[in-house]
Amino acid sequence: MALSISVVVLLAIVVFLLIKKSGLKAGHAAVCALLGFYLASSSIAPSISTLTTNVASMIGGLKF
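Residues numbered from 1 in each chain as written. Predicted model: local features only at pLDDT ≥ 70, side-chain atom pairs only at ≥ 80, totals over all residues. Heavy atoms only, no water.

So, on to the overall build of the chain. The helix and strand inventory of the chain stands at three helices and zero strands. The secondary structure elements of the chain, listed N-terminal to C-terminal, are α-α-α. Along the first, second and third principal axes, the C-alpha set of the chain runs to 40 × 35 × 15 Å. Relative to its full complement of 64 residues, the chain shows a buried share of 3%. Summing over all exposed atoms, the chain offers an accessible surface of approximately 5,700 Å²; the carbon and sulfur share of this is 75%. (Helix = DSSP H or I, 4+ residues; strand = E, 2+ residues; numbered from the N terminus. Buried < 20%, exposed > 50% of the residue type's maximum accessible area, 1.4 Å probe, protein only. Areas by Shrake-Rupley, 256 points an atom, 1.4 Å probe, with all protein chains shown as cover.)

Let us now look at a nonpolar patch on the surface. Taken together, L51, V55, M58, I59, L62 and F64 make up a surface patch of nonpolar side chains, about 720 Å² in accessible area. Within the fold, F64 resides in the segment after α3 (45-60). (Patch = residues over 30% accessible without salt bridge, like charges linked within 9 Å, V, L, I, M, F, W, Y side chains within 5 Å. Salt bridge = Lys/Arg side-chain N within 4 Å of Asp/Glu carboxyl O.)

Looking at the chain as a whole, the pLDDT averages 84, with 92% of positions reaching at least 70. Highest mean pLDDT in the chain belongs to α3 (89); lowest belongs to helix α1 (residues 7-21) (84). (pLDDT = per-residue confidence, 0-100.)

Turning to α1, a few remarks are in order. Owing to its 3.6 residues per turn, the α-helix brings residues three or four apart onto one side. For α1, which comprises 15 residues, the first-to-last C-alpha distance of 21 Å matches the rise-based estimate of 21 Å (1.5 Å per residue) to within 8%. The positive-phi residue at the C-terminal boundary of α1 is G23, with phi of around 80°. (Expected span 1.5 Å × (residues − 1).)

In structure tokens:
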């Protein structure tokens, strides 16, 4: 059985946990989100997308 979860949902959960447990301030999380939006529209976006796709496929290929 394979579990599929969106990276956006996974990152939202991580940010929520960081805010609640580790003291990440909401303002800092908002700045990180804005950075993500600006990176998505920059010329480096295809490289970031390729990197995350490669890492996800590498993690998906691990056998436990």
